[in-house]
Amino acid sequence: MARIAHLSDFHLLEPHVRERRGKDWLRVHYLSLKRSLDYVLRRTRAERALVQARDIGFDQLVITGDLTEDGHLAQFEVFAEILRNSGIPADKVLLCPGNHDSY
């Protein structure tokens, strides 16, 4: 029987999210719904979740919905870096982006 690990809703931010202006600033603040725009906190939570999943063990890791806060390219780059650094083989990961990733 295959063991599946499931993680969801990382809502990652880019390091310089607070430097956004205009429509980009409004979008990320609106989508965050009064949650902190703390890049380090969100990154740390995602890293911790991946380490826990890796340490527990699985045959397949499924990461669903809202990998990023608003689909900004730099947020996807943060996600890719975190996943790469986790040491989890790419062939063990299935990604299913959410609505926040499509902005």
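Just so it is clear, the structure is predicted and the values come from calculations on it, not from any experiment.

Enquirer: Teacher, can you tell me more about helix H3 (residues 73-85) here?
Expert: Given 3.6 residues per helical turn, the α-helix brings residues three or four places apart onto the same face. The terminal C-alpha atoms of H3 lie 18 Å apart, and with 13 residues this matches the ideal 18 Å at 1.5 Å per residue to within 8%. Taken together, the buried positions of H3 are occupied by Gln-75, Val-78, Phe-79, Ile-82 and Leu-83. The arc that holds the buried residues of H3, viewed along the axis, is 130°, so those residues lie on one side. In this structure, H3 carries Leu-73, Arg-84 and Asn-85 as exposed residues pointing more than 90 degrees from its buried face. Buried residues along H3 sit in contact with helix H2 (39-56), strand E2 (60-64) and strand E3 (93-96).

Enquirer: It is not clear to me how the environment of Val-28 should be interpreted in this structure. Could you clarify?
Expert: Residue position: Val-28 is located in helix H1 (residues 22-32). Classification of Val-28 by relative accessible area gives buried; the value is 0%. Remark: the alpha-carbon pair of Val-28 and Thr-44, spanning 16 residues in sequence, is separated by 19 Å. What Val-28 contacts, discounting residues up to four positions off in sequence, is Leu-13, Val-17, Arg-20, Leu-37, Glu-69 and Asp-70.

Calculation rules
- Residues numbered from 1 in each chain as written.
- Predicted model: local features only at pLDDT ≥ 70, side-chain atom pairs only at ≥ 80, totals over all residues.
- Heavy atoms only, no water.
- Helix = DSSP H or I, 4+ residues; strand = E, 2+ residues; numbered from the N terminus.
- Expected span 1.5 Å × (residues − 1).
- Buried < 20%, exposed > 50% of the residue type's maximum accessible area, 1.4 Å probe, protein only.
- Arc of directions from axis to C-beta.
- Contact = heavy atoms within 4.5 Å.

These figures capture arrangement, not role.
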